[in-house]
Protein chains: 2
Amino acid sequence: MEKSYMSVFLLLVVLSCALAKDAPKKETKETKETKPKLPQTLSRGWGDQLIWTQTYEEALFRSKTSNKPLMIIHHLDDCPHSQALKKAFAEHKEVQKLAEKFILLNLVYETTDKNLSPDGQYVPRILFIDPTLTVRADITGRYSNRLYAYEPSDISLLYSNMQKALKILKTEL
Amino acid sequence: MEKSYMSVFLLLVVLSCALAKDAPKKETKETKETKPKLPQTLSRGWGDQLIWTQTYEEALFRSKTSNKPLMIIHHLDDCPHSQALKKAFAEHKEVQKLAEKFILLNLVYETTDKNLSPDGQYVPRILFIDPTLTVRADITGRYSNRLYAYEPSDISLLYSNMQKALKILKTEL
């Protein structure tokens, strides 16, 4: 009962984030009115001390050449659940430390690669890709309807999933 | 005679940049040794006061919804000719002012869209795309072998090409 309650809750979350994203009015307004909050950073608040890649192409290249797994965070500035997860992610010292072992990319716009949306284009959504450039679709969160979604309360699960992404990589080498 | 001299010169330039880009050793070194020069910005020095998009997908979306033309600058951090053009671009007040009328993207990694390399993937290379998402292949620099390349001394031509990208857009609407 509690689980299905959670699913409904998460569905609402995702819907609200999706709605915010699709509204072109919002976008135009932002483009016109927002002065750049200088400097615009690649971290976007997910860990200002970490090295972030700018694009998916760059991230794939760096993962392959450095043999580090790639962690891709899809999020939206105007999605409160993305913001809440970001806060938890940025403030969690162990997560930040472990993140150094990854090639990191956070995106507010979807790529054209369908492999990055195995079960849809919701946010927040975190995917791992190994250096052979295979999406690790087996590393999932706790929501069966949105396998790659995490709530702030799931930060420990995210941490262990990050360990998993690093561990299996080593086993395979 | 002077023209062919220039072509040879530019070819050498492009070759040296291409070589720098292809060297995986260089890349690995950078990934391992470079501490983030905080903060990593989206401008990458091409105009810190301007609003820059992060990815090609974002840039296309913003161009379409804001009805502004898109200007894409391909460059490399370890290409001296990219650096020289960047300096000229960032220091040219009129260019910086006019750039505000564009959706802006600077990329150090190529996208998978072949439309962005009509005559090859050299750097530096500047392309304009109109809000209907058509590459303005007609807006070129002065080098017949690398149509979208600019040297620092071509900054005035670049300025007038930016005006062209804005003017034709208005005529078409």
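See the structure printed just above.
Residues numbered from 1 in each chain as written. Chains lettered and ligands numbered in written order. Predicted model: local features only at pLDDT ≥ 70, side-chain atom pairs only at ≥ 80, totals over all residues. Heavy atoms only, no water.

A word on the pattern of salt bridges
Here is the rule we go by: Counted as salt bridges are all cases of a side-chain nitrogen of Lys or Arg within 4 Å of a carboxyl oxygen of Asp or Glu. Numbered from the N terminus, helices here are DSSP runs of H or I no shorter than four residues, and strands are runs of E no shorter than two. Each residue is placed in one exposure class: buried if its accessible area under a 1.4 Å probe, protein chains only, is under 20% of its type's maximum, exposed if it is over 50%, and partly exposed if it falls in between.
In total, this model carries 16 salt bridges over all chains according to the counting rule given. Here Glu58(B) ties to Arg44(A) by a salt bridge, and the two come within 3.9 Å at their closest N and O atoms. Of this pair, Glu58(B) sits in helix H3 (residues 56-66) while Arg44(A) is found in the loop between helix H2 (24-33) and helix H3 (56-66), placing the two residues in two different chains. Accessibility assignment for this pair places Glu58(B) and Arg44(A) in one class, buried. With a closest N to O distance of 2.9 Å, Glu58(B) and Arg62(B) form a salt bridge. Pair noted here: Glu58(B) and Arg62(B) are both in helix H3, with a separation of 4 residues, about one helical turn. There is no split in this pair, since Glu58(B) and Arg62(B) are both buried. Through salt bridges with shared partners, a single network forms among Arg44(A), Asp77(A), Glu58(B) and Arg62(B).

Topic: the sheet that holds strand S3 (residues 125-129) of chain A
Residue and element names in this part refer to chain A. Definition in use: Two strands are counted as paired when DSSP detects at least two bridges linking them. Every axis in this analysis is a line fitted to C-alpha atoms, fitted for helices over the stretch in contact. Angles between the N-to-C directions lie between 0 and 180 degrees.
A sheet is described by the order of its strands in space; here 3 strands give the open sequence S2-S1-S3, paired in mixed fashion. A single partner strand is all that each edge strand has here, and the edge strands are strand S2 (103-107) and S3. Adjacent strand axes in the sheet meet at a mean angle of 15°, parallel and antiparallel pairs treated alike. One ladder, built from 5 bridges, connects strand S1 (residues 70-74) with S3; its direction is antiparallel. Each residue of the ladder has a partner; that of Leu 70, found in S3, is Ile 129.

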